[in-house]
Amino acid sequence: MVDKMDNEEAVAFFKKCMVDDPGMSTAVAAIQTLLEFMNQNSAETLSELRENLKEVIEVLNKTEGSVTSISSGCELFLRFITLASLDNPDFQECKRVLVERGQLYLKRAASARKKIAKLCDSFIKDGATILTHSRSRVVLEILKMATEQKKRFNVYVTESAPDKSGCVMHDQLKQFGIPSTVILDSAVGYMMEKVDLVLVGAEGVVESGGIINKVGTYQMAVMTKAYSGSCVESHPMVDYTPPSYITLLFTDLGVLTPSAVSDD
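Criteria and thresholds
- Residues numbered from 1 in each chain as written.
- Predicted model: local features only at pLDDT ≥ 70, side-chain atom pairs only at ≥ 80, totals over all residues.
- Heavy atoms only, no water.
- Helix = DSSP H or I, 4+ residues; strand = E, 2+ residues; numbered from the N terminus.
- Rg over C-alpha atoms; globule rule 2.2 N^0.38 Å.
- Buried < 20%, exposed > 50% of the residue type's maximum accessible area, 1.4 Å probe, protein only.
- Areas by Shrake-Rupley, 256 points an atom, 1.4 Å probe, with all protein chains shown as cover.
- Lys, Arg positive; Asp, Glu negative; His and termini not counted.
- Charge placed at Lys NZ, Arg CZ, Asp CG, Glu CD.
- Expected span 1.5 Å × (residues − 1).
- Contact = heavy atoms within 4.5 Å.
- Phe/Tyr/Trp six-rings, centres within 6.5 Å; stacked < 30°, edge-to-face > 60°.

J.: Looking at this structure, how should I read the overall build of the chain?
T.: Secondary structure summary: the chain contains 10 helices and 9 strands in total. The C-alpha atoms of the chain give a radius of gyration of 20 Å, which matches the 18 Å a tight globule of 264 residues would have. Taken along its principal axes, the extent of the C-alpha atoms in the chain is 65 × 40 × 35 Å. Relative to its full complement of 264 residues, the chain shows a buried share of 45%. As displayed, the chain has an accessible area near 14,400 Å², and 54% of this comes from carbon and sulfur atoms. For the chain, the centre of its 28 positive side-chain charges and the centre of its 35 negative side-chain charges are spaced 7 Å apart.

J.: What is the right way to read the environment of V215 from this model?
T.: Checked against the element boundaries, V215 lands in the loop between strand 6 (211-214) and helix 9 (217-227). The spatial distance from the C-alpha of V215 to the C-alpha of D185 is 10 Å, given a sequence separation of 30 residues.

J.: Explanation requested: helix 3 (residues 46-60) in the structure shown.
T.: Two residues of an α-helix separated by three or four positions point the same way, owing to the 3.6 residues in each turn. When the terminal C-alpha atoms of helix 3 are compared, their 21 Å separation across 15 residues agrees well with the 21 Å that a helix rising 1.5 Å per residue should span. At its buried positions, helix 3 is contacted by helix 1 (7-20), helix 2 (26-40), helix 4 (67-81) and helix 5 (91-120).

J.: Help me understand the packing of aromatic side chains in this model?
T.: Aromatic rings in a pair are described by how distant their centres are and how their planes are angled relative to each other. Throughout the structure, instances matching the rule amount to 4 aromatic pairs. With 5.9 Å between their ring centres and 70° between their planes, F77 and Y105 make a pair best called edge-to-face. Placement of F77 in helix 4 and of Y105 in helix 5 is noted, with a sequence separation of 28 residues between them. By relative accessible area, F77 is classed as buried at 0%. Taking 5.3 Å as the distance between ring centres and 45° as the angle between the ring planes, the aromatic pair formed by F80 and Y105 counts as tilted. Here the residue F80 occupies a position in helix 4, and Y105 occupies one in helix 5, the gap between them amounting to 25 residues. Members of the aromatic cluster, connected to one another through ring pairs, are F77, F80 and Y105.

Purely spatial values, then, with no claim about function.
Written out as structure tokens, the structure reads:
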């Protein structure tokens, strides 16, 4: 019999997922953790199980990393697995169904990156100069796919203070033979004249169609729109970019305009 996984063990499992697969997103790692927790949890009712899951999510949100990705991914996970009512009086059977739904959701989440890359592919033109901010696994996947199709392009990556995650992105681009240059965050306005396309990731998409992403995304969007018509402990790690500065959202559900998010 499997012992019950407590909150501390859940955090350890989450961190192990990230170490074992550096390419895994924090949201997917969190969902895998919730699935493992569900399998081992000793709850005897659906309401108790849900409360236990919420408690684990709260603990995961306090770990280092992307809080927005973890919270939004877990919230969607909970909604998905409990979307339909479970009328079976046998709790263990209900739990089995919930785990199956969770595994289906995890499979969909894990495949979302490639779906988004395919949707974005036609927007990457041969000879383009692309600007991106910080490190985004989705943007990396998009650029990898474009390279595999023999498209030639150049990438500028912001250094992305305070953690300099843009330097990590630069190293990853080099591994795939993608020409890239790291620029200072303050140089975005200066470089904008050379840029054909701006691509950034998103830790979350809010109902209005705006996005939550690494701090600096908003000012990049403002500069892009205008051109086309510190202390580490207290430095904010994300900011909000209003939908008015976003042209298209490439998602696993398709290419959406910001207004389409609230419509759906």
